[in-house]
Amino acid sequence: DFELNLKFQTSPTSPIANLRVDVYRPNNVFLNTFFTDNTGEATLINCSSNEALILKMVFACDTITYNLAPVTQTRTEVITLSGAGIQTYNLTGTLLACNNQPIANQAFQVFLTGPGNFITLNGVSGTQGQINISTVFPNCQTPANLNAQTTAYLNNLYYISNTSTIVPGINMYNPKLCD
């Protein structure tokens, strides 16, 4: 049995966090469900040798399918989701305290809401408070705009940002966490 290290992204610098993926055998027998971490990664362990796998990213109105070659050894595979049928939402910027100072190495959650959509993105800010987190929706489920709101647990208190409107593509997003 082998490990399969998977990385989901919309581009080399935009991992897809919290993506739900269902795993099937070639005969369409369901094996497992997993969610990617904040870096768009997940590891499948104890993969049967010489067996191809089918990954299905299930959305409310569409399913994106990705076929993996048979697993013959432990390996890493990068899966890039892009194309005309997918809208990417990328949030890049700095996680800020209420005093406008960057918050370094801090776990946070971004709640994206819109008509018929709700998703939570989990992340950790970088050493300078930088954030870069992405998700995807199929075109059939993509509203013109989504609302983004960030929360984090700091010094035994929950802090929350104001709501910001984001659009498909790259969004400069600098959530300011205040109590």
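Now for a look at the structure at hand. Just so it is clear, the structure is predicted and the values come from calculations on it, not from any experiment. One numbering rule holds for all chains: residues counted from 1, following each sequence as written. Per-residue local features are limited, in this predicted model, to residues with pLDDT of at least 70; the limit for side-chain atom pairs, both in listing and counting, is 80 or more; totals at the level of whole chains, interfaces and linings are taken over all residues. Hydrogen atoms and water are omitted, and side-chain values are computed over all heavy atoms in the structure.

**Details of the sheet that holds strand β13 (residues 130-138)**
Then comes step 1: In this analysis, strands are considered paired if DSSP registers two or more bridges between them. Elements are defined by DSSP. Helices are runs of H or I of four residues or more, strands are runs of E of two residues or more, and each kind is numbered from the N terminus. The three strands lie next to each other as β13-β9-β17, forming an open sheet whose pairing is mixed. The sheet terminates laterally at β13 and β17 (169-172), the two strands that pair on one side only. Each neighbouring strand pair of the sheet contributes to a mean axis angle of 20°, computed without reference to strand direction. Throughout, an axis means a line fitted to C-alpha atoms (over the contacting stretch in the case of helices), and angles, computed between N-to-C directions, take values from 0 to 180 degrees.

**With respect to the nonpolar core**
Then comes step 1: For the purposes of this section, nonpolar cores are sets of buried Ala, Val, Leu, Ile, Met, Phe, Trp, Tyr and Cys residues that join through side-chain atoms within 4.5 Å. Using a 1.4 Å probe on the protein chains alone, a residue whose accessible area is under 20% of its type maximum counts as buried, one over 50% counts as exposed, and one in between counts as partly exposed. Counting residues in each nonpolar core, the largest one holds 22 residues, and the members touching the most others are Leu6, Phe8, Leu19, Leu55, Met57 and Leu81.
Then comes step 2: Of all elements in the fold, only β1 (2-11), β3 (20-24), β5 (41-47), β6 (53-58) and β7 (63-68) reach the threshold of two or more residues within this core.
Then comes step 3: Throughout, a residue-residue contact means that at least one pair of heavy atoms, one from each residue, lies within 4.5 Å. In this structure Leu19 touches Phe8, Phe34, Phe35, Thr36, Met57, Phe59, Leu81 and Val136, once residues within four positions along its chain are discounted.
Then comes step 4: By size, the runner-up hydrophobic cluster in this structure holds 21 residues, among which are Ile103, Leu112, Ile119 and Ala148.

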